Structures are given as structure tokens and as C-alpha cells.
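What follows is the residue order along each chain.
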Amino acid sequence: MSARMAARRTHLHAACTRLGLLLPANDTLHRPNPWEFFINRKHHLIWCNVFKAASSSWMYNFNILAGYTPAYLRRTNTVALTLARRRYPRPSLAQLRHALNESLAFLVVRHPFERLLSAYRDKIQGAWPNTPHEKLGQHIVSMYRFATTQQDKKSMKSKKSYNPRWPTFSEFARYLIDVHRKGEVLDMHWTPIIEFCTPCHIEFDIIAKFETLHEDQKYLIDLAGLGHIIKPEWKNPSKGRNTKEVISTYFSQLTIRQMIQLYNIYRFDFEVFDYSLDDYTRMAKLEPSSPTSLP
């Protein structure tokens, strides 16, 4: 496990160097961002919260470490993040840097497209009524539903889900591509990790991966000496079939062009955390007039 973590840190540093992300500059890619960090000073543990990458599990653990009891967490109606921020105020960069000198720092990462699909299914397809995400979904439908290409219409008319109240995954992808092209801020649930946790500028001791989560979490907890307080958790699993089981169903709705455009949004996450696009491009549908790759 020690060798696994060393290899991940080495790969990350090499990728950051190759991509020019270690150079300081005044943008979200080239400066440290302390906004999503949680610092537990008592137990010398620092976590950068990445939404849709075991965030519910580790929010629970950090609330336990903050002194909330399991019984209280079960019965309270207060959102876990709200509870956590009462005990873990958002740190300044100076506070984070000081804590890093005496703490174990970690984050959990996930394949960018799997994380994106998980966010779509949870926050867009499964949006609660009268929430900002439901309103966003309605906006996406109004913008893209009737701008669907003739090819998409023909392929979707035979499906009962052609006119769902939520955006299709293809519509969501088109929205995301347009928002990114305009330079607008992305929702925190699908913001690239490279901008959220700035791992090229903040040194992490542990880079846990969703794909090896149980082993990585156990190693982290043992290394931190916290096995008597917390344990590897699995909170908030997907409703119905898990994300991995339905990847093809959703990504087969996208064209090669859309796939490459989405990749460009998350390119640095793919590079620094050593993920591949190959399995996904094989799922994409071809557009007769579109190239199979874009610059």
C-alpha cells in the first residue's frame, strides 16, 4: 500500500510538471485553493472533499471525528455538510499550509466520467422538487430539448424516455460543454478535481481511488491510528443499479465529438490521476459528418 501511494504521488507530480501546472499564476489551475479542505487538528488529519467521490462517507467520518455521535447523525435533519462546517470552518491558505506540516493529508479521486455520470444521476435525473438542481434541469430542457438534432430525434422517438421531465444525459452534456466554452463556473458536484483540490500545489500523503476504495480507506485509517474511532464507510450508494453498471447506457447517447469535448473539460483530471478515455470512446455513437477526434 505504501508503494501504491508513492506511485500515485510520483505520477501526479510528473503529470503536473509535464502539463505546466506547477507554475504559479493567478487562475484556478495554478494557485492553491483551500476552500474545500477540512482540517481536524486533534487527530492531525486533512481531507479535501471531492463531491461524488466517497464524499458522503468521509463527511460522516469527519463528523464522527468532530464529536458528533452516530445516534445524533442518524436522527438529525441537518445536512451533513452544514454540521461539518460548524466544527471545521473553511481554512485560509495560511492555516492550511500550517496544518499540512503536522497532519496526514488525503483526497479520494474517481474516473472523471464515472464521477460526472454519478453527479448527473443524483443531482439532475434524481433532483428533488423545488431545488436549484431541479430548476437547472428545467433550464437545460428548455434550452436543448427542442434543439435536438434530427438524428437524435429519430433514435429517441422509439424510446419511452424520449420526453422525460429531466434532461437526458446527452442534453446535460451539451449544456456542460456550452457552459465550459463560455468560461462560466461549474457546479461543485462536477467541477474538475484539479480545480477543487489543486493537487499540483498542495501535497497529499494519500491519493485514494474510488476503484480501490476499501483497501485505500483501510490503509489511511490504520496509518492515521483512527481505527478505534472510524472505519471504512460506504454511505449514499446510488439508487437502483450502481454507476458502473449503467455507464454504457448513458455514454452511448453521446457522439465522439461530445465525448472529446467532455474530455477536454476534465483532461487534467484524466492526466494527473492516471485515468483513460479509451473504454468510453468505444461506447460513443458516430456522426456521419463528424471526425472521430478533435484537436
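A. Up close: the packing of helix α1 (residues 2-18) against helix α11 (residues 213-224). In the contact formed by α1 and α11, the axes pass within 11 Å of each other and the chain directions differ by 105°. In terms of orientation, α1 lies roughly perpendicular with respect to α11. Across from Ser2, Arg4, Met5 and Arg8 in α1, the residues of α11 making contact are Glu215, Asp216 and Tyr219. When grouped by side-chain class, the residues that make up the contact of α1 with α11 number 2 nonpolar, 1 polar and 4 charged.

B. Inspection of the side chain of histidine 30 at higher detail. Tracing the backbone shows histidine 30 in the loop between α1 and β1 (37-40). A polar contact is formed between the side chain of histidine 30 and the side chain of aspartate 27, at a distance of 2.8 Å. Leave out the neighbours within four places in its chain, and histidine 30 touches Gly20, Leu21, Leu23, Pro24, Ala25 and His201.

C. Inspection of the state of the cysteines at higher detail. Counted under the stated rule, the structure contains 2 disulfides. Covalently, cysteine 48 is tied to cysteine 197 through a disulfide, its sulfur atoms 2.0 Å apart. Here the disulfide of cysteine 48 and cysteine 197 is left-handed, its torsion about the S-S bond being about -90°. Note that cysteine 48 is positioned in strand β2 (residues 45-48) and cysteine 197 in the loop between α10 (193-196) and β4 (206-209), a separation of 149 residues in sequence. Just as cysteine 48 is buried, cysteine 197 falls in that class too.

The rules behind each value
- Residues numbered from 1 in each chain as written.
- Predicted model: local features only at pLDDT ≥ 70, side-chain atom pairs only at ≥ 80, totals over all residues.
- Heavy atoms only, no water.
- Axes fitted to C-alpha atoms, helices over the stretch in contact; angles between N-to-C directions.
- Helix = DSSP H or I, 4+ residues; strand = E, 2+ residues; numbered from the N terminus.
- Parallel < 35°, antiparallel > 145°, perpendicular 65-115°, else oblique.
- Contact = heavy atoms within 4.5 Å.
- Nonpolar A, V, L, I, M, F, W, Y, C, P; charged D, E, K, R; others polar.
- Polar contact = N/O pair within 3.5 Å; in protein donor to acceptor, adjacent residues only side chain to side chain.
- Disulfide = S-S within 2.5 Å.
- Buried < 20%, exposed > 50% of the residue type's maximum accessible area, 1.4 Å probe, protein only.

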